[in-house]
Amino acid sequence: MTTPLYVKYSSIRDRTLSLIEPLIDEDCCVQSMPGTSPVKWHLGHASWFFEKFVLQHYEKPFTPFHPAFLMMFSSYNKSGQTHPDPKRGLFTRPSLSLTREYRNNVNERMEQVLKRSEEDEMLRMLAVLGMHHEQQHQELMLADVKHLLSQSPLNPSYNSQPLLDSPVPPPLEWCRFDGGLVEIGYKGDEFSYDNESPRHKQYLQPYQLASRLVTNREYLEFMKAGGYDNPGVWLSEGWDWMKANRRSHPLYWRESDQGWEEFTLSGAMPLDLNLPVIHVSFYEADAFGRWAGARLPTEAEWENAASQQEIEGCFADNNRFHPSSAGGSTPSANTGGLAQLYGDAWEWTQSSYSPYPGYNPAKPNENEPMSFVWDEAVGEYNSRSMVNQYVLRGGSCAIPKERIRASFRNFFPADTCWQFSGIRLARDLR
Ligand code: AVJ
Ligand code: FE
């Protein structure tokens, strides 16, 4: 008998495989830079999560597919046995086909174990954590694939759907929020990550948020106005980063005889000025904001606005893997006039990624004998990353819609460009 949880589990696992269908085997084994991972590693790692945190404790007797895989595909370093991240591209073995076999093997064993998930709350929670984890890796994998394919002079097109001309977005407007004493953080009893808790109060001065994301057109104006030559608008660390890495435009923009092009998952395209600018670093987003006489929102400002709005937008579910224009869909009444708040592109905030007051990656239930497994699984998931990173909000065109909520906190270092990151401006209300 197949449990409903296994049905959900398999649909997520199958989606991962369907996402790599457009790739050739060679695409799956290369690591294009230290921050990315080969597709093969993502495939093994998502399986590792289930083997390590579910099967190891709930399969009797535990029969690992291959003991070495428990180290090779681990991302946790508590054990001190993790394979170094920048060297993930050096595995020619296991082969891609053996890594696929590992997935199938884990699936078969998970099907057996999940039969007990109806009586065992901890087992169910760990399996659900693994499913959310895999869906995060679907997005990471798409971002890594994009970076890899962008290296090829053949300009490979991952997605056979071409990106069509998009409608002109409405002029940027400012939406006002009163602020005051507000609450942020996860509220509810569905799944959420530990970093979204506890829900707590924050005091916000009145503020404004831009009605949509910054477009390529607006970003190009910043460039034409000498934005990349104007030290006055950059954080000093951002200026140094930009000079040292010789950046003068967003990561996937290229100048050709015909003008600007952008590399997308549908191949190289003429730059579409109506679409949001994506693949900018925190430094670039921050500099653009200062040049525009605005600033990036704080995560509390963002969440306070977002929690009043329905989750709709351009997510991976439409299989385009590129943002859409704010002109495409007029925000409905329940989006409060803010377009592209969810989906499209992750929005850099000016908030450092740090624990909320009272944060504790705690055991869900102290009396539960298996809660140590939860501690282990959650312990390194989010909290070990709480230094030198900034929070991004709202989701992107590369993550499934069902993974996003108002309280969801993504996070990356300030120089990260290969994620689907964009810019929403904020202003003080005087
Ligand atoms: C939330 C996307 C920053 O990439 O490390 C994946 C997600 N956590 N596996 C990351 C994650 C564990 C995380 N980000
Ligand atoms: Fe992971």
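Because the structure is a prediction, the values reported are computed rather than measured.

**Student:** I'm lost on the packing of aromatic side chains in this one. Help?
**Tutor:** How two aromatic rings sit relative to each other is set out by the distance from centre to centre and by the angle between their planes. Considering all chains together, one arrives at 38 aromatic pairs under this definition. Here tyrosine 193 and tyrosine 381 contribute two aromatic rings whose centre-to-centre distance is 5.0 Å and whose plane-to-plane angle is 25°, an arrangement assigned as stacked. Here tyrosine 381 lies in the loop between helix H10 (371–379) and strand S9 (390–393) and tyrosine 193 lies in the loop between strand S2 (180–184) and strand S3 (200–204), a separation of 188 residues in the sequence. Take tyrosine 193 and tyrosine 381: they sit in the same class, and that class is buried. Taken together, the aromatic side chains of Trp48, Phe49, Phe53, Tyr76, Phe191, Tyr193, Trp346, Tyr381 and Phe408 make up a single cluster linked through ring pairs. The ring of tryptophan 239 has lysine 243 sitting right over it, with the charged end atom 4.7 Å from the ring centre. The aromatic ring of tryptophan 174 is capped on one face by arginine 427, whose charged end is 4.1 Å from the ring centroid.

**Student:** I keep staring at the packing of helix H2 (residues 39–58) against helix H4 (residues 96–113) and nothing clicks. Help me out?
**Tutor:** Two quantities define a packed helix pair, namely the angle between the helix axes and the distance between the axes. Viewed as axis vectors pointing N to C, H2 and H4 meet at an angle of 30°, and their least axial separation amounts to 9 Å. As judged from the angle between their axes, H2 and H4 are roughly parallel. Viewed along their axes, H2 and H4 form a crossing whose handedness is left-handed. Contact residues: H2 offers Lys40, Leu43, Gly44, Ala46, Ser47, Trp48, Phe50, Glu51, Val54, Leu55 and Tyr58, while H4 offers Leu96, Thr99, Tyr102, Arg103, Val106, Arg109, Met110 and Val113. Residues belonging to the contact of H2 with H4 are distributed by class as follows: 12 nonpolar, three polar and four charged.

**Student:** Just checking my understanding: could you explain the coordination of the iron ion (ligand 2) for this structure?
**Tutor:** Ideal coordination angles are 109.5 degrees for a metal with four donors arranged tetrahedrally and 90 or 180 degrees for a metal with six donors arranged octahedrally. Protein-derived ligands of the iron ion (ligand 2) are His45 (NE2), His133 (NE2) and His137 (NE2), with the metal-ligand distances lying across 2.1 Å. Around the iron ion (ligand 2), the four donor atoms are arranged such that angles at the metal cover 89 to 171°; this shape is classified as irregular. Written as a sequence motif, the donor residues of the iron ion (ligand 2) are H-x87-H-x3-H. Of this pair, histidine 45 sits in helix H2 while histidine 133 sits in helix H5 (residues 121–149); the two residues are 88 residues apart in sequence, bridging distant segments of the chain. Neither residue differs from the other here; histidine 45 and histidine 133 are each classed as buried.

**Student:** It is not clear to me how the sheet that holds strand S4 (residues 207–210) should be interpreted in this structure. Could you clarify?
**Tutor:** Note: strands within a sheet are paired through backbone hydrogen bonds, in either parallel or antiparallel orientation. Strand order across the open sheet formed by three strands is S1-S4-S12, with antiparallel pairing between neighbours. Here the strands that pair on one side only, and so sit at the sheet edges, are strand S1 (174–177) and strand S12 (426–428). Within this sheet the neighbouring strands show an average axis-to-axis angle of 25°, counted without direction. In terms of strand pairing, S1 meets S4 through four bridges, oriented antiparallel. Of the residues in S4, the one forming a bridge with tryptophan 174 is alanine 210. Against the sheet, helix H9 (residues 299–306) touches S1, S4 and S12, its axis set at about 75° to S4.

**Student:** Help me understand the nonpolar core in this model?
**Tutor:** For soluble globular proteins, the rule of thumb is that nonpolar side chains tend to be buried together. With 90 residues, the main nonpolar core has Met110, Leu129, Tyr219 and Ile423 as its most contacted residues. If we skip the residues at most four places from it in the chain, isoleucine 423 touches Leu213, Val214, Tyr219, Val277, Val280, Ala285, Phe288 and Leu296. With 26 residues, the next largest nonpolar core counts Leu96, Leu213, Leu265 and Trp418 among its residues.

**Student:** Explain the site of ligand 1 to me, please; I cannot follow it from the model alone.
**Tutor:** In the vicinity of ligand 1, the contacting residues are His133, Gln136, His137, Leu140, Tyr381, Asn410, Phe411 and Phe412. Contacts to ligand 1 include histidine 133, whose side-chain N or O atom sits 3.1 Å from a nitrogen atom. Within the complex, the protein chains bury 81% of what would otherwise be the 350 Å² of accessible surface of ligand 1. Judged by the proximity of its atoms to the pocket grid, ligand 1 belongs to the largest pocket. Counting residues per element, the ones that place at least two in the shell around ligand 1 are H5 and strand S10 (410–412). The element best represented in the shell around ligand 1 is H5, accounting for four residues. Across the shell around ligand 1, the residue classes tally to four nonpolar, four polar and no charged.

**Student:** I would appreciate a short explanation of empty space enclosed by the protein in the present structure.
**Tutor:** The probe, sized like a water molecule, is rolled over the atoms to show the empty space still left. Under the defined criterion, the tally for this structure stands at two cavities of 30 Å³ or more. Considered as a void within the structure, the largest cavity measures approximately 40 Å³ in volume. Taken together, Asp27, Val30, Gln31, Ser32, Thr36, Ser37, Pro38, Val39, Asp144, Val145 and Leu148 make up the full set of residues lining the largest cavity. Looking at which element gives the most residues to the lining of the largest cavity, the answer is H5, with three residues. In terms of residue class, the lining of the largest cavity is made up of five nonpolar, four polar and two charged.

**Student:** For this particular structure, what's the right way to read helix H6 (residues 216–224)?
**Tutor:** Since the α-helix packs 3.6 residues into each turn, any two residues three or four apart lie on the same face. Three or more residues of H6 are buried, namely Asn216, Glu218, Tyr219, Leu220, Phe222 and Met223. Of the surrounding secondary structure, the elements contacted by the buried residues of H6 are strand S5 (253–256), strand S6 (259–264) and helix H8 (282–291). Immediately beyond the C-terminal end of H6, within one or two residues, lies glycine 226, with a positive phi of roughly 80°.

**Student:** What is the right way to look at the layout of surface pockets in this model?
**Tutor:** By volume, the largest pocket is sized at about 1,300 Å³. Taken together, 48 residues form the lining of the largest pocket, with Asp85, Leu140, Ser385, Phe411 and Phe412 sitting closest to its centre. Mapped by element, the contributors of at least two residues to the lining of the largest pocket are H2, H5 and S10. In terms of residues, the lining of the largest pocket owes the most to one element, H5, which gives seven residues. Residues belonging to the lining of the largest pocket are distributed by class as follows: 18 nonpolar, 21 polar and nine charged.

**Student:** What is the right way to read the environment of lysine 243 from this model?
**Tutor:** Residue placement: lysine 243 occurs in helix H7 (residues 236–244). Each C-alpha atom of the pair lysine 243 and tyrosine 228 lies 9.0 Å from the other, and the pair is 15 residues apart in sequence.

**Student:** Looking at this structure, I do not really get the sheet that holds S6. What am I missing?
**Tutor:** Read from one edge of the open sheet, three strands run S5-S6-S7, paired in antiparallel fashion. Both outer strands of the open sheet, S5 and strand S7 (267–270), are each paired with one neighbouring strand and no more. Neighbour-to-neighbour, the strand axes of the sheet open up by a mean angle of 35°, direction not taken into account. Across four bridges, S5 lies against S6 in antiparallel orientation.

Conventions we followed
- Residues numbered from 1 in each chain as written.
- Chains lettered and ligands numbered in written order.
- Predicted model: local features only at pLDDT ≥ 70, side-chain atom pairs only at ≥ 80, totals over all residues.
- Heavy atoms only, no water.
- Phe/Tyr/Trp six-rings, centres within 6.5 Å; stacked < 30°, edge-to-face > 60°.
- Helix = DSSP H or I, 4+ residues; strand = E, 2+ residues; numbered from the N terminus.
- Buried < 20%, exposed > 50% of the residue type's maximum accessible area, 1.4 Å probe, protein only.
- Lys NZ or Arg CZ within 6 Å of the ring centre and 35° of its normal.
- Axes fitted to C-alpha atoms, helices over the stretch in contact; angles between N-to-C directions.
- Parallel < 35°, antiparallel > 145°, perpendicular 65-115°, else oblique.
- Left-handed = near helix turned anticlockwise from the far one by under 90°.
- Contact = heavy atoms within 4.5 Å.
- Nonpolar A, V, L, I, M, F, W, Y, C, P; charged D, E, K, R; others polar.
- Donors = N, O, S within 2.8 Å, 3.2 Å for Na, K, Ca; no water.
- Tetrahedral: all angles 85-135°; square planar, octahedral: opposite > 155°, others 65-115°.
- Pairing = 2+ DSSP bridges.
- Core = buried A, V, L, I, M, F, W, Y, C linked by side-chain atoms within 4.5 Å.
- Near = heavy atom within 4 Å.
- Polar contact = N/O pair within 3.5 Å; in protein donor to acceptor, adjacent residues only side chain to side chain.
- Areas by Shrake-Rupley, 256 points an atom, 1.4 Å probe, with all protein chains shown as cover.
- 1 Å grid on protein atoms, 1.4 Å probe; cavity = no way out; pocket = protein on both sides within 12 Å on 5 of 7 lines; lining within 4 Å.
- Sits in = over half its atoms within 2 Å of the grid points.
- Points joined across faces, edges and corners; volume = space filled by probe spheres on them.

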